[in-house]
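Close look at the chain arrangement
What follows is the residue order along each chain.
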Amino acid sequence: MYRLSVGVTTGMGFETTDWIASHADTLGIDAIWIGEDIGAGQDTSVLASSMILRSTKVEVGTGIVPVTMHNIATIARMALTLHEISDGRFSLGIGIGGTQDLRKAGVRIRKPVTALRESTLCLRSLWEGQKVTAANDLFSLDRYSLRLGAPVRIPIFYGVRGPQMLTLAGELSDGVILSGPFDYIERAISIVREAAVNTGRDPAEVRVVVWVPTIPTFRGIKEKTAKRIVALVVADTPQAVVEMLSLDREKIRAIGAEVARGGPKSGAALVDDEILNAFSISGSKEHMVDQFQALHEIGADEVVLGPPFSGEWKIALAELATELRRRNE
Amino acid sequence: MMELGVALNVSETVGVTTEISRRLEEAGLNSLWITDFPAARAAAPLAGAVAESTKECRIGVGLLSPDLYGADQIVRQIQTLEQNFGKRFDVLLGPGDRLALMRIGIALEAGTGIAGRTAEAAIKIRQELQESGFTGRVLLGAQGHRMIAASTKLDGVLLNYSDLSMIRWALDQMKDVPNQFTLGVFPPTWLSHNPNFEATEPIRRAAAMVAVGLAKKPREEFQVAEHVDAGLRARLATGKLGEDTMNAIGDGTLCRFALCANEDDLNSYLRQLDGLGIGLVVFGPPLCTSSEGLEMLIGALGRRGSE
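Residues numbered from 1 in each chain as written. Chains lettered and ligands numbered in written order. Predicted model: local features only at pLDDT ≥ 70, side-chain atom pairs only at ≥ 80, totals over all residues. Heavy atoms only, no water.

With respect to the environment of Pro38(B)
Applied cut-off: A helix here means a DSSP run of H or I that spans at least four residues, while a strand means a run of E at least two residues long, and both kinds are numbered starting from the N terminus.
Its location among the elements puts Pro38(B) in the loop between β2 (31–34) and α2 (43–53). Once the C-alpha coordinates of Pro38(B) and Val138(B) are considered, the two residues, 100 residues apart in sequence, prove to be 21 Å apart.

Digging into the confidence of the model for chain B
Interpretation of this model should avoid reading the predicted coordinates in detail wherever pLDDT is low. Stated precisely, the cut-off is as follows: What pLDDT expresses is the predictor's confidence in each residue, scored from 0 to 100.
A residue-level look at chain B finds 98% of positions with pLDDT of 70 or above and a mean pLDDT of 93. Quick note on the complex model: pTM equals 0.93, ipTM equals 0.94.

Remarks on the domain arrangement of chain A
All names here are of chain A. To be explicit about the condition: Per the annotation, domain bounds derive from an automatic or database assignment of domains. Whether two residues are in contact is decided by their heavy atoms, any of which lying within 4.5 Å being enough. Buried area is understood as the total, over both parts, of accessible area removed when two parts are fitted together, assessed with a 1.4 Å probe. Any pair of nitrogen or oxygen atoms within 3.5 Å is treated as a polar contact; in protein, a donor-acceptor pairing is required on top of that, and neighbouring residues in sequence qualify only through side-chain atoms on both sides.
Partitioning chain A into domains gives domain 1 (3–220 + 280–328) and domain 2 (221–279). Distance between the C-alpha centres of domain 1 and domain 2: 22 Å. With 26 residues of domain 1 at the interface, the matching set in domain 2 holds 22 residues. Of the roughly 2000 Å² buried between domain 1 and domain 2 on both sides combined, carbon and sulfur atoms contribute 61%. Our count for the contact surface shared by domain 1 and domain 2 stands at three residue pairs in polar contact (both at pLDDT 80 or more).

Here we look at the state of the cysteines
Worth spelling out the cut-off: By disulfide we mean two sulfur atoms from cysteines, separated by a distance within 2.5 Å.
Evaluated as defined, the whole model comprises zero disulfides over all chains. Considering cysteine sulfurs only, Cys260(B) is the nearest to Cys255(B), which forms no disulfide, with 9.1 Å between them.

Brief notes about the interface of chain B and chain A
Convention followed: By definition here, a salt bridge exists when the distance from a side-chain nitrogen of Lys or Arg to a carboxyl oxygen of Asp or Glu is within 4 Å.
Listed per partner, the contact involves 30 residues of chain B and 32 residues of chain A. Summing both sides of the interface, chain B and chain A together bury roughly 2700 Å²; the carbon and sulfur share of this comes to 52%. Put simply, chain B and chain A have three salt bridges between them. Among the ionic pairs, Asp36(B) bridges to Arg77(A), the shortest N-O distance being 2.9 Å.

Written out as structure tokens, the structure reads:
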């Protein structure tokens, strides 16, 4: 049995995010993950606050907040606030940020693995109530403390791709949010688990969440929308991940170049069925749930639905959740 | 009628803040102000929780520092609050506590045009919010003459002063105050049936924080430069704002930077502010950390309401 969650991004409109938050408990999903579209749309912390307050049971997490774009003290304070608002239903997903987004924002990180490791250690020290002094490429703290009455424990998830980052996730994180084709996901899970074992951890301590575009074509979503999303995902796939795939690398490179040149709409023209099926889950509800089951069998503990949300997406979400519950009974 | 607000979020948990919010609104308070850094809880998501636990009072977010968040993120925070929780929000902007920001890697070096940069960011934030249909107020937290003068390009000002002569000086710095402009003050506040400033460490500390942030010109104008400079030296030497700083400034000077009052003193103070044309009083920390003070305010609000 695996968990089912819904993923939203800050670039989505209020009506969509509000509907999902308000219906999350009745849909029977386990969690909502909020992806930050850097510099666009709703504010991540306020959106998370709203989704927590509009639901009562589901977990709410960021998936992810880029540590490259926010002051580390701000991330620590935001997470503490959401942890308390949610009475422990909140998880902080962090990462470095998408290649395209960071390039647009003019951010360049020399040692991303070190940056994520140090960010994680810093956040945990702050939540333990420690006074932290640290200086690196990403942040600088001088005897900074949250002045907490008691330590808090907030789960940290990583949104990461490359082998070194996956190893770090196995060593340090409470969970990992993966995205990519099946063969990549299978390989990524084994890297995370191996790293956990090598660090002396129980690999089951690291929850594996798989978030790939889910495209319920059985409820009217247009294929061109799906291809646009997939083009963006392909373009954001790091070289280290591409090298782990059995797909035609030239085709992937061409899509990335086209997205960089003319945007996702332009890149979508190069997305064929092979790429579409490798980077997304679509088709009938039965087929989609079969695919979720296949992900579970290769090690996923949780599968994230969406985006894109178009067509009759509300009905699609309800039907997929119902189909999954029916099979789990 | 004068608008009264309380600043919340010093070290209280979210649960405590939302419970206080609910009680203060029921007592008739017009607005709640959610402070931000260096508080451990972030103002924007906390403001959402406060909105959810109250009905219609206005909710001020900040002081938010554009140097910490960037103007774009502040705009998105306020827009997202309005979309998700209704049109009840105001925003307070300012540079923030320079030494506290330095501890988290934000360097606001003196002489680098902090006031001008903050005012410019505030004007941009207001413009972008208004273009997106924002109906709330954008206020500037101000103490020095440059910030006070710049605030007239916004919807209002919260003067970081308590002493009436200092407030008069601040008002003199403002020319051509626009219509509908909110003239407000933000005194560190301690309310008690038996107020004793010298024996109450939290209000002395809050007063010292304001005093050491005082710009050079008002420091000289108010003839407190010698004491404040001594406090600044003590703070730099110890690396923190503690007893050394407070003692160096001295209680005679410190008490001018805070309101430490019983109910009669409070009512008298409010009448005098009213006479100066002040339309908004936000009772600043540490009031929100004092049960006695909050109960006293709730009682006073009830009596004001029935007058």
